[in-house]
Amino acid sequence: KHYPQSSYSARDNILLRARALLAFVLTPFLDDEWFQCCKHGTGSSLGVSYRDTSLEAKSKFPVTITSGAKTLFDQYLLFDSQLNSVLLSFNEKNPIRERYNIVEGSRATTVAKSTSINRMIAIEPTGNMFLQQGLMTLMYRRMKRVGLDVETLPEKHKERARLASITSNEATIDWSSASDCVSIDLLRWLLPPKWFDCLMRVRSPRMSIQDKFVDLNMFST
């Protein structure tokens, strides 16, 4: 029998399989489960100095946030009425009555990568980072269900690399500027729609570099 040949290229087939795998791993997306995962990170954020990264400092009004994430943060506070009450009570004597400081995006800075090289990082708005941490935790949960435990993967990779150095059956690849290849259009095609929508709304679309805002073409820093 002669079967019709696929019109898809090898690259198309890889992308189709990747999209199917992502849908299998990441779904379902449940707002309540996401909100249960939301939390503040340990580092500094926009409007919160690295000198004081306490929960109290990140709870002071106004909370920095992008316009795209503000509605989601409001939805979270409806979900977590206890935190909403705590924030209102904590800021009761705060002369600043506005809850949010709407910002365009993140701010660029650098940290030491080694004794001779600095790594560029982004200081995210406080509200965005709170929601981003929830999406990260939810993603890790979904990965763990299929055996990809982020907490144990480094040790597994170390052992695999050790064996590869002995057998030469495998090799590691370290692409330079690999993050630059993660474009918005690629993730729009690969990710389940709900995931992509939420990630787009909580990401910083712009970054302040030396007091000048630029659009971000890579998806995240």
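Summarised in this report is the structure supplied together with it. (Residues numbered from 1 in each chain as written. Predicted model: local features only at pLDDT ≥ 70, side-chain atom pairs only at ≥ 80, totals over all residues. Heavy atoms only, no water.)

Regarding the packing of aromatic side chains
Any two aromatic rings considered together are summarised by their centre-to-centre distance and by the angle between their planes. Using the criterion set out here, one finds ten aromatic pairs in the structure. An aromatic cluster is built from Phe29, Trp34, Phe35, Phe73, Tyr76, Phe79, Tyr100, Phe130 and Trp195, whose rings are joined through pairwise contacts. Between Arg19 and the ring centre of Trp189, over which it is positioned, the NZ or CZ distance is 3.7 Å. Here the guanidinium or amino end of Arg203 rests over the ring plane of Phe219, the centre of that ring lying 5.3 Å away. (Phe/Tyr/Trp six-rings, centres within 6.5 Å; stacked < 30°, edge-to-face > 60°. Lys NZ or Arg CZ within 6 Å of the ring centre and 35° of its normal.)

Some remarks on the pattern of salt bridges
Across all of its chains, the model carries twelve salt bridges by this definition. The closest approach of N and O atoms between Asp31 and Lys194, which form a salt bridge, is 3.3 Å. Here Asp31, found in helix 2 (residues 31-37), pairs with Lys194, found in helix 9 (residues 193-202); they are 163 residues apart in sequence, far enough to count as distant. Note that Arg206 and Asp215 form a salt bridge whose closest N and O atoms lie 2.8 Å from each other. By relative accessible area, Asp215 is classed as exposed at 53%. Look at the salt bridges and you will find they share partners, linking Glu33, Arg141 and Arg142 into a network. (Salt bridge = Lys/Arg side-chain N within 4 Å of Asp/Glu carboxyl O. Helix = DSSP H or I, 4+ residues; strand = E, 2+ residues; numbered from the N terminus. Buried < 20%, exposed > 50% of the residue type's maximum accessible area, 1.4 Å probe, protein only.)

Some points on the environment of Arg203
For Arg203, the location among the structural elements is in the loop between helix 9 and strand 5 (206-209). Overall, Arg203 belongs to the buried group, its relative accessible area being 8%. C-alpha of Arg203 to C-alpha of Glu104: the two residues are 99 residues apart in sequence and 11 Å apart in space. When sequence neighbours within four positions are dropped, the list of residues in contact with Arg203 reads Thr66, Asn128, Gln132, Ile184, Leu216, Met218 and Phe219. Separated by 2.8 Å, the side chain of Arg203 and the backbone oxygen of Phe219 make a polar contact. (Contact = heavy atoms within 4.5 Å. Polar contact = N/O pair within 3.5 Å; in protein donor to acceptor, adjacent residues only side chain to side chain.)

Fair warning: the whole summary comes from geometry, so function is off the table for now.
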